Amino acid sequence: MLNLNFQVSCEFRCEPIYSTEGKLYAVEVLTMFTGGFSGGKLEPQNFISLLDAKSKHTLLSSQLQAISRKASFFRAYNIFCSLNIDQAMALMILEDNEINDIIKENEYIRLEISERFPRIDKVNGNIILNELSRTYKLWLDDYGVDFSNINTLKNSQFESVKIDKKFFWENGTSVMWPATMSEIRKYCSKIIVEGVETASQFRSLTNTGIYGVQGFLFPAVLLTKIENLLPARENLN
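Throughout what follows, the structure given in this document is the object of discussion. (Residues numbered from 1 in each chain as written. Predicted model: local features only at pLDDT ≥ 70, side-chain atom pairs only at ≥ 80, totals over all residues. Heavy atoms only, no water.)

Points about the overall build of the chain
A tally of regular secondary structure across the chain gives ten helices and eleven strands. Out of the 237 residues belonging to the chain, those deemed buried represent 49%. Long-range contacts, defined here as pairs at least 24 residues apart, represent 62% of the contacts in the chain between residues at least 6 apart. Total accessible area on the chain is roughly 11,900 Å²; 51% of this is exposed by carbon and sulfur atoms. (Helix = DSSP H or I, 4+ residues; strand = E, 2+ residues; numbered from the N terminus. Buried < 20%, exposed > 50% of the residue type's maximum accessible area, 1.4 Å probe, protein only. Contact = heavy atoms within 4.5 Å. Areas by Shrake-Rupley, 256 points an atom, 1.4 Å probe, with all protein chains shown as cover.)

Right under this line is the structure:
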């Protein structure tokens, strides 16, 4: 458990991502924060956005070190590990040799990019993101909300795109869903659908060309206990 200061502590959890055949494909490492004035759980995205550069560096370095300690697991089972970063963290990755080295030494790490990256949907894209994509494997998070749209996929090279859960819930049964997925595949062939909460939702995505699924149907575990994700759940069919 990482102590960012005397008031807030955090732990790293893994949300599993399964293929539509039920095989563990990847995990997304999320950071859960507790403390503050209430002493309870803090909303991760809001809390991270309030951190200063030094604290963000401490957090990013700690996340990467914790992930690298599980390198044998990721390599043994050929599983990817995605980690969310914001623009400040992207700059650190480009400029900080220690952080840079950890990512390069752990080839299974994927950098997950928020749709809130500045200018991510503009014609010329985001300069920092473009530079990052030349060296690292990037995943686009939350496609279908806010500023994330087809222009985002045109602007940068993403290995995978994750469909936002609300977009899936609202459009997953629409007659336009197959056409939407086909359009996305023109720019990114690996599509991961978030928000899969029931076995019926999982079944609706099998044999549709979807690469992976993620959601409450597949419980998260602590990064330190990532081995508990194997074997895959048996309640998918």
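Points about the side chain of Gln63
Assignment of secondary structure puts Gln63 in helix H2 (residues 53-68). Ignoring sequence-local partners within four residues, the contact set of Gln63 consists of Phe12, Thr31 and Leu83.

Some points on helix H4 (residues 87-95)
Among all positions in H4, only Met89, Ala90, Met92 and Ile93 are buried. The buried residues of H4 occupy an angular sector of 160° when the element is viewed end-on, so they sit on one face. The elements touched by buried residues of H4 are helix H1 (44-50), H2, strand E5 (80-85), helix H5 (97-105), strand E6 (109-113) and helix H6 (127-133). Residue Asp86 occupies the N-cap position of H4, its side-chain oxygen lying 3.2 Å from the main-chain nitrogen of Ala88. (Arc of directions from axis to C-beta. Polar contact = N/O pair within 3.5 Å; in protein donor to acceptor, adjacent residues only side chain to side chain.)

Overview of the packing of aromatic side chains
If you walk through the whole model with that rule in mind, you get 13 aromatic pairs. Note on Phe74 and Tyr108: the rings are 4.7 Å apart at their centroids and 20° apart in plane angle, and the pair reads as stacked. Of the two residues, Phe74 sits in helix H3 (residues 71-76) while Tyr108 sits in the loop between H5 and E6, which places them 34 residues apart along the sequence. Neither residue differs from the other here; Phe74 and Tyr108 are each classed as buried. Judged by centre distance (5.7 Å) and plane angle (55°), the ring pair of Phe168 and Trp177 falls under tilted. Feature note: the residues Tyr25, Phe80, Trp139 and Tyr211 constitute an aromatic cluster, connected by ring pairs. (Phe/Tyr/Trp six-rings, centres within 6.5 Å; stacked < 30°, edge-to-face > 60°.)

Quick notes on the pairing of E6
Of all five residues that make up E6, five are buried, and the element is covered over most of its length. Here E6 shows a buried face lined by Ile109, Leu111 and Ile113 and a second buried face lined by Arg110 and Glu112. Two elements, E5 and E6, share five bridges in a ladder whose sense is parallel. Residue Ser82 lies in a different strand from E6, and its bridge partner there is Arg110. Direction of pairing for E6 relative to strand E7 (residues 138-143): parallel, over a ladder of three bridges. Bridged to Leu111 within E7 is Leu138. (Pairing = 2+ DSSP bridges.)

Let's talk about the packing of H2 against H4
Where H2 contacts H4, the axes come no closer than 10 Å and their chain directions differ by 70°. Comparing their axes, H4 and H2 come out roughly perpendicular. Crossing geometry of H2 relative to H4 is assigned as right-handed. Between H2 and H4, the residues in contact are Ala53, Lys56, His57, Leu59 and Leu60 and Ala88, Met89, Met92 and Ile93, respectively. Here the contact of H2 with H4 is built from residues that sort into seven nonpolar, one polar and one charged. (Axes fitted to C-alpha atoms, helices over the stretch in contact; angles between N-to-C directions. Parallel < 35°, antiparallel > 145°, perpendicular 65-115°, else oblique. Left-handed = near helix turned anticlockwise from the far one by under 90°. Nonpolar A, V, L, I, M, F, W, Y, C, P; charged D, E, K, R; others polar.)

Section: the pattern of salt bridges
This structure, assessed with the given rule, holds nine salt bridges. The partner of Lys70 in a salt bridge is Glu227, and the shortest N-O contact between them spans 3.1 Å. Of this pair, Lys70 sits in the loop between H2 and H3 while Glu227 sits in the segment after strand E11 (221-222), placing them 157 residues apart in sequence. Between Arg75 and Glu107 there is a salt bridge whose closest N-O contact spans 3.0 Å. Taken together, the residues span a long stretch of sequence, with Arg75 in helix H3 and Glu107 in the loop between H5 and E6 at a distance of 32 residues. Salt bridges sharing common partners tie together Glu28, Glu112, Lys162 and Glu194. (Salt bridge = Lys/Arg side-chain N within 4 Å of Asp/Glu carboxyl O.)

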